[in-house]
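Chain and residue survey
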Amino acid sequence: MGRNWTPSIVPTDHDQTIYLVVNNFRHLGTAFTETDIEQADLETVITDLMSGQYSDPVRVLAFNTAGHWADDVSQDVALEIQRRLDLAGDELPSSIEAFIEMHAGPSRQLSLRLN
């Protein structure tokens, strides 16, 4: 290993989609949260968001190196969280309230009026 060696963040499974949460750390700014590659799947990210593992999530980004794509999936994640909360009859956790409002707000209001 050379002096300028940096560990790869590319997953070892060549066709794996990775989900990363951008969190607001207030005066420190926004940054990707440290994530174990084995825990960067969609289900784990949704579960972690719903259980308050993030203090102030701003967005969720997904990428797949084999597919050569990256995307902001914040709205999809926010809508899925809201769907799960509605089905369970659970309240929206305060740690993700702003995230849900920012990314699912208008769509959420429309779906409530239609039901």
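Look a little higher up for the structure.
Okay, so let's go over this structure.

The rules we used
- Residues numbered from 1 in each chain as written.
- Predicted model: local features only at pLDDT ≥ 70, side-chain atom pairs only at ≥ 80, totals over all residues.
- Heavy atoms only, no water.
- Pairing = 2+ DSSP bridges.
- Helix = DSSP H or I, 4+ residues; strand = E, 2+ residues; numbered from the N terminus.
- Axes fitted to C-alpha atoms, helices over the stretch in contact; angles between N-to-C directions.
- Left-handed = near helix turned anticlockwise from the far one by under 90°.
- Contact = heavy atoms within 4.5 Å.
- Nonpolar A, V, L, I, M, F, W, Y, C, P; charged D, E, K, R; others polar.
- Buried < 20%, exposed > 50% of the residue type's maximum accessible area, 1.4 Å probe, protein only.
- Polar contact = N/O pair within 3.5 Å; in protein donor to acceptor, adjacent residues only side chain to side chain.

Pairing within the open sheet is antiparallel, and its 4 strands lie in the order β2-β1-β3-β4. Two strands close off the open sheet at either side, each with one partner strand: β2 (30-32) and β4 (69-72). On average, each strand axis in the sheet is tilted by 20° relative to the strand beside it, whichever way the strands run. Bridging between strand β3 (residues 57-64) and β4 involves 4 bridges; their strand directions are antiparallel. Across the sheet, Leu 61 pairs through a bridge with Asp 72, a residue of β4.

One way to put it is that helix α1 (residues 42-50) packs onto helix α2 (residues 74-88) with a least axis distance of 11 Å and a crossing angle of 65°. Every pair of crossing elements has a handedness; the one defined by α1 and α2 is right-handed. In this structure, α1 uses Leu 42, Glu 43, Ile 46, Leu 49 and Met 50 to contact α2, whose residues at the interface are Val 77, Glu 80, Ile 81, Arg 84 and Leu 85. Of the residues in the contact of α1 with α2, the class split is 7 nonpolar, no polar and 3 charged.

Attention now moves to the environment of Phe 63. Following the sequence through the fold, Phe 63 ends up in strand β3. As for Phe 63 and Thr 17, which are separated by 46 residues in sequence, their C-alpha atoms are 5.5 Å apart.

Right, let's talk about the side chain of Asn 23 for a bit. With respect to the helices and strands, Asn 23 occurs in strand β1 (residues 18-24). Among the residues examined, Asn 23 registers a relative accessible area of 1% and is labelled buried. At 3.0 Å, the side chain of Asn 23 and the backbone nitrogen of Asp 56 are in polar contact. Contacts of Asn 23, omitting those with residues within four sequence positions, involve Gly 29, Thr 30, Ala 31, Thr 33, Tyr 54, Ser 55, Asp 56, Pro 57 and Val 58.

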